[in-house]
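Chain by chain, the residues:
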Amino acid sequence: MKIKRFEDKQAFSAYLADDKHTQVHKQFEQALMKNRQDLDSFTLDGFCQACEKPQPFIVDKLYGSQITEQGWQPNWRERLSCPECQLNNRQRAMIHAIKHALTQVGDKSALKLYAMEQITPLFQWLSSHLTDVECIGSEYLGEDVTGGTLVDGIMPAMRHENVEALSFADDSFDLIVSNDVLEHVNDPQMAIKEMQRVLKPQGQVLMSVPFYIDREQSQRRAGIENGELVHHLPEQYHGNPLSEQGSLVFHDYGWDMLDDFRAAGFADMALCQYWSYFHGYLGEPQYYFHATNT
Ligand SMILES: [Zn+2]
């Protein structure tokens, strides 16, 4: 997987405007869909990094396909699902990035990974396939629960963590994986400091988060002020299997979010852009964030 790293908005805007890169990818995706307009679903052959073999990735109209002037367009990020491991484009790309990050760790004798998710297909995959890595996952189970608590009754037991106040010791992990969590946190600076604290020196963060690539500044949608929940913008919720209401979005992030990582002691926070037909990573632009602890 070819990764391009961008540390600021100017560099990424220049990339997006460059015909050589994004336009070729977009034209390719449009041509691909042009011949498939009468199909509700189809497969594209590619190489699954999770299964480590070729697979026919499934593309259909689920999870936000759109009708444009050119006809229906899939939500590439959420589809291209592997029929065997069931993981979609962004999940397989995250596994790809995790595998690569683990190869970068100097001392591989006691590898330890923390994922800010536990009851997800991605964590299932990590804990069953990364056999030489101790994988700890957690969910947020409410403000009254003490960090580190294991809740029985659900098998395997679910671990509770509040990412603003993690229960782990300093220098615990080689890698932290955080997928679409930071937008739901009241105090992201605190959460970023906590990630820095529990990571070993040179430990890495791999993160996805809804991101406004054309915004320099992040915007607060909601906040806890004097113990009260205050809304600054119309309420927005994301699906959460543990809550009927879903998870409230506290922040819309722009590029200053990367500065918060640098301020907390991360050396090289960057947006990592990827696209690969071979691996089934379509949909320009696709990206995640990567940072290394000092
Ligand atoms: Zn697979």
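Residue positions are given per chain, counted from 1 along the sequence in the order it is written. Note on the predicted model: pLDDT of at least 70 is required for a residue's local features to be given, and 80 or more for side-chain atom pairs to be given and counted; whole-chain, interface and lining totals, by contrast, use all residues. For side-chain calculations, the full set of non-hydrogen atoms in the structure is used, while hydrogens and water are omitted.

Section: helix α3 (residues 89–103)
Given 3.6 residues to a turn, an α-helix orients residues that are three or four positions apart in the same direction. In this text, helices come from DSSP runs of H or I with a minimum length of four residues, and strands from runs of E with a minimum of two, each type numbered from the N-terminal end. What a helix is expected to span follows from its residue count: subtract one and scale by 1.5 Å. With 15 residues, α3 should reach 21 Å at 1.5 Å per residue; the first-to-last C-alpha distance of 22 Å fits that figure. Note on exposure labels: buried denotes an accessible area under 20% of the residue type's maximum, exposed denotes more than 50%, and partly exposed covers the range between, all computed with a 1.4 Å probe on protein chains only. Counting buried residues along α3, 12 of its 15 residues qualify, which places the element largely inside the surrounding structure. Within the span of α3, buried status applies to Asn89, Gln91, Arg92, Ala93, Met94, Ile95, His96, Ala97, Ile98, Lys99, Ala101 and Leu102. Under the rule applied, a polar contact is a pair of N or O atoms within 3.5 Å (in protein, one hydrogen donor and one hydrogen acceptor; residues adjacent in sequence only if both atoms are side-chain atoms). Measuring from the side-chain oxygen of the N-cap residue of α3 to the backbone nitrogen of arginine 90 gives 3.3 Å; that N-cap residue is asparagine 88.

A few points about the pairing of strand β11 (residues 199–208)
A large share of β11 lies buried, amounting to 7 of its 10 residues. Inspection of the sheet shows strand β10 (residues 173–179) paired to β11 by 6 bridges, in the parallel sense. Each residue of the ladder has a partner; that of phenylalanine 173, found in β11, is leucine 199. A crossover links β10 with its parallel partner β11, the connecting element being helix α5 (residues 188–198), and its sense is right-handed. One requirement defines pairing of two strands: DSSP has to find at least two bridges between them. Note that β11 and strand β19 (residues 281–292) share 4 bridges and pair antiparallel. Pairing of leucine 206 across the sheet is with histidine 290, part of β19. Viewed with both strands pointing away, a crossover whose connecting path from the first strand over the helix to the second turns clockwise is right-handed.

Quick word on the coordination of the zinc ion
In this description, a donor is an N, O or S atom within 2.8 Å of the metal centre, a cutoff extended to 3.2 Å for sodium, potassium and calcium. Water is not part of the atom list, which can make sites seem incomplete. All of the protein donors around the zinc ion are Cys48 (SG), Cys51 (SG), Cys82 (SG) and Cys85 (SG); their distances to the metal are 2.2 to 2.4 Å. Square planar and octahedral sites, with four and six donors, are those where opposite donors lie more than 155 degrees apart and all other angles lie between 65 and 115, tetrahedral sites have four donors with every angle between 85 and 135 degrees, and the rest are irregular. Classification of the site at the zinc ion as tetrahedral follows from its 4 donor atoms and the range of 99 to 117° in their angles at the metal. Read from N- to C-terminus, the donor residues coordinating the zinc ion fall into the pattern C-x2-C-x30-C-x2-C. Residue cysteine 51 is located in the loop between β2 (41–48) and β3 (53–60), and its partner cysteine 85 is located in the loop between β5 (71–73) and α3; the two are separated by 34 residues in the primary sequence.

Re helix α2 (residues 19–34)
Here α2 has its buried residues at Thr22, His25, Glu29, Leu32 and Met33. The buried residues of α2 all sit within an arc of 95° when viewed along its axis, so they share a single face. Opposite the buried face of α2, by more than 90 degrees, sit the exposed residues Asp19, Lys20, Gln27 and Lys34. Residues of α2 that are buried in the fold lie against α1 (9–17), β2, β5, β18 (270–276) and β19. Its side-chain oxygen placed 2.9 Å from the backbone nitrogen of lysine 20, aspartate 18 serves as the N-cap of α2. To obtain the arc, one takes the directions from the helix axis to the C-beta atoms. Note on definitions: a residue-residue contact is assigned when non-hydrogen atoms from the two residues lie within 4.5 Å.

Some thoughts on the sheet that holds strand β6 (residues 111–115)
Read from one edge of the open sheet, 7 strands run β1-β18-β19-β11-β10-β6-β7, paired in mixed fashion. The two strands at the open ends of the sheet, each matched to only one other strand, are β1 (3–6) and β7 (133–137). Taking each pair of neighbouring strands and ignoring which way they run, the sheet shows an average axis angle of 25°. By the bridge criterion, 5 bridges tie β6 to β7 in an arrangement that is parallel. Structural elements are reduced to axes, namely lines fitted to C-alpha atoms, with helices fitted over the stretch in contact, and the angle between N-to-C directions of any two is expressed from 0 to 180 degrees.

Some remarks on the packing of aromatic side chains
Geometry of aromatic contacts follows a simple scheme: Phe, Tyr and Trp rings, the Trp one being its six-membered ring, pair when their centres are within 6.5 Å, and the pair is stacked under 30 degrees between planes, edge-to-face over 60, tilted otherwise. Under the criterion given, the structure shown has 19 aromatic pairs. Aromatic pair phenylalanine 211 and tyrosine 287: ring centres 6.3 Å apart, planes at 80°, arrangement edge-to-face. Note that phenylalanine 211 is positioned in the loop between β11 and β12 (219–220) and tyrosine 287 in strand β19, a separation of 76 residues in sequence. Assigned by exposure class, phenylalanine 211 and tyrosine 287 land together as buried. Taking 4.9 Å as the distance between ring centres and 70° as the angle between the ring planes, the aromatic pair formed by phenylalanine 211 and phenylalanine 289 counts as edge-to-face. On the criterion of sequence distance, the pair formed by phenylalanine 211 in the loop between β11 and β12 and phenylalanine 289 in strand β19 is long-range, its members being 78 residues apart. Grouped by ring-pair contacts, the aromatic residues Phe6, Phe12, Tyr15, Phe211, Trp255, Tyr287 and Phe289 constitute a single cluster. For a lysine, the NZ atom is tested; for an arginine, the CZ atom; a charge sits over a ring if that atom is within 6 Å of the ring centre and within 35 degrees of the ring normal. For the cation-ring pair, arginine 36 lies above phenylalanine 42, with the distance from its terminal atom to the ring centre recorded as 5.1 Å. Cation over ring: lysine 112 sits above phenylalanine 173, and NZ or CZ is 5.3 Å from the ring centre.

Digging into the pattern of salt bridges
The salt bridge criterion pairs a side-chain nitrogen of Lys or Arg with a carboxyl oxygen of Asp or Glu, the two atoms within 4 Å. As enumerated under the stated definition, the model contains 14 salt bridges in all. One salt bridge in this structure joins arginine 221 and aspartate 252, with 2.8 Å as the shortest N-O distance. You can see arginine 221 sitting in the loop between β12 and β13 (222–225) and its partner aspartate 252 sitting in strand β17 (residues 251–252), a full 31 residues away along the chain. A single burial state applies to arginine 221 and to aspartate 252, both of which are buried. Taken together, the salt bridges that share partners define one network made up of Asp170, Glu194 and Arg197.

Things to note about the side chain of histidine 25
Tracing the chain through its elements places histidine 25 in helix α2. According to the relative accessible area criterion, histidine 25 is buried, its value standing at 14%. A polar atom in the side chain of histidine 25 sits 2.4 Å from the side chain of glutamate 284. In this view, histidine 25 contacts Tyr15, Trp275 and Glu284; residues no more than four positions away in its chain are not counted.

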